[in-house]
Amino acid sequence: MTASATTAPPTLRPEPAAPAPARRRGRFGVHLFLGTVSLAFLAPLLLAVYASLRPYEETAQYGYFSFPRRLSFDYYRQAFVDSGMSKYFLNSLLIAVPGVLLTLFLASFVAFAVSRLRMRGGILLLMVFTAGNLLPQQVIVTPLYVLFNKIPLPYWMSDSLTLYDSLWAVIAVQTAFQLGFCVFVLANFMRTLPQEILEAAIVDGAGVWMQFWRVTLPLCRPALAALGTLQFTWMYNDFLWGLVFLSEGDKLPVTSALNNLRGEFFTDYNLLAAGSVLVALPTVLVFLLLQRHFIAGLTLGASKG
């Protein structure tokens, strides 16, 4: 008589952890790769800063990659004074700040209507706004130029009495072209918000405006900060629209001030590098001020819970 043998189920053993030296080597490789990529992106900026601190005669004789004999900030003072950069800075701020605020304000309206309200054709409307980003801007330069010359404005808004040759023209174009991207980002972010929040607001008697302004918009602060940083950088650094729609030199943005540092027969590229660094400082300052919100906006959806 044979007894049935009972076999115990096999136990699952955890995988052995990777040795500590292997983990350290992997982490070192990742850091080395990220450091190399960061240095490659920063190399042009670092070279411009390095050149702006050296006299042109020295770099002409020894080269830009030579060891410096003398470093000074004289080129920065000269670039700021010779180019009249202060008024151009103001022009760029008068274009970028209203443009960013108007773009985010309008985009949040459309994104809320598309993503949070049950409206017909919402997806189609979102596709139309997104498809607008695919249109090359240079294609409509001539039609916009003709159109802006025919749109009248009162004298207190434009010296030319038309939309052309006014800051309003640049603000309008910047807002129109950046609106689609902002609607796309905000609409997708608003879709991730719990629907129960709006349902609770509706139960409490909140109307559509209250649902948008007091409930949804505060929750979109990280996305708005990230978009605001990007939009300010793009609008501030733009050179095309100011050159096309502004004929008076006193109204041009700061990116055009660099042309004032170029001579007719000779260009001091070290002086031009100093001017470029000065022009880039406001965007760096905006990023530093909004860095925490910008990174939070970029990492939205990276983790749950």
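In this text, all values refer to a predicted model and were calculated from it rather than measured experimentally. (Residues numbered from 1 in each chain as written. Predicted model: local features only at pLDDT ≥ 70, side-chain atom pairs only at ≥ 80, totals over all residues. Heavy atoms only, no water.)

Regarding the overall build of the protein chain
Step number 1: If you tally the helices and strands in the protein chain, you get 13 helices and 0 strands.
Step number 2: Summarising the internal contacts of the protein chain: among those between residues at least 6 apart in sequence, 69% fall at separations of at least 24.
Step number 3: Counting only carbon and sulfur atoms, one obtains 68% of the accessible surface of the protein chain, whose full area is about 19300 Å². (Helix = DSSP H or I, 4+ residues; strand = E, 2+ residues; numbered from the N terminus. Contact = heavy atoms within 4.5 Å. Areas by Shrake-Rupley, 256 points an atom, 1.4 Å probe, with all protein chains shown as cover.)

Some thoughts on the nonpolar core
Step number 1: Ranked by size, the top nonpolar core spans 68 residues in total, and within it Phe-148, Val-173, Leu-186, Tyr-236, Trp-241, Phe-245 and Val-254 carry the most contacts.
Step number 2: Element by element, the count of residues in this core is highest for helix 7 (residues 167-191), at 13 residues.
Step number 3: Contact partners of Val-254, with chain neighbours within four places excluded, come to Met-85, Tyr-88, Phe-89, Ser-92, Tyr-236 and Val-279. (Core = buried A, V, L, I, M, F, W, Y, C linked by side-chain atoms within 4.5 Å. Buried < 20%, exposed > 50% of the residue type's maximum accessible area, 1.4 Å probe, protein only.)

Details of the packing of aromatic side chains
Step number 1: Tallied over the full model, the rule gives 14 aromatic pairs.
Step number 2: With a centroid separation of 4.8 Å and 20 degrees between ring planes, the pair formed by Phe-109 and Phe-212 is classed as stacked. Of this pair, Phe-109 sits in helix 4 (residues 85-115) while Phe-212 sits in helix 9 (residues 208-219), placing them 103 residues apart in sequence.
Step number 3: An angle of 45 degrees between the planes, with centres 6.4 Å apart, marks the rings of Phe-212 and Trp-213 as tilted.
Step number 4: On the basis of relative accessible area, Phe-212 is assigned to the buried category, the value being 2%. (Phe/Tyr/Trp six-rings, centres within 6.5 Å; stacked < 30°, edge-to-face > 60°.)

Some thoughts on the side chain of Thr-267
Step number 1: Looking at the element boundaries, Thr-267 is found in the loop between helix 11 (240-245) and helix 12 (269-289).
Step number 2: Aside from chain neighbours lying at most four places away, what touches Thr-267 is Tyr-56, Arg-262 and Leu-272.

Looking at a nonpolar patch on the surface
Step number 1: Taken together, the side chains of Leu-102, Phe-105, Leu-106, Phe-109, Trp-209 and Trp-213 define a hydrophobic patch exposed on the protein surface, amounting to about 550 Å² of accessible area.
Step number 2: Contributions of two or more residues to the nonpolar patch are made by helix 4 and helix 9.
Step number 3: Among the elements that make up the nonpolar patch, the one with the highest residue count is helix 4 (4 residues). (Patch = residues over 30% accessible without salt bridge, like charges linked within 9 Å, V, L, I, M, F, W, Y side chains within 5 Å. Salt bridge = Lys/Arg side-chain N within 4 Å of Asp/Glu carboxyl O.)

Considering the pattern of salt bridges
Step number 1: One pass over the structure, following the stated rule, counts 4 salt bridges.
Step number 2: Note that Asp-250 and Lys-87 form a salt bridge whose closest N and O atoms lie 2.9 Å from each other. Here Lys-87 lies in helix 4 and Asp-250 lies in the loop between helix 11 and helix 12, a separation of 163 residues in the sequence.
Step number 3: Residue classification places Lys-87 among the partly exposed residues on the basis of a relative accessible area of 37%.

Shape is all these values report; function is a separate question.
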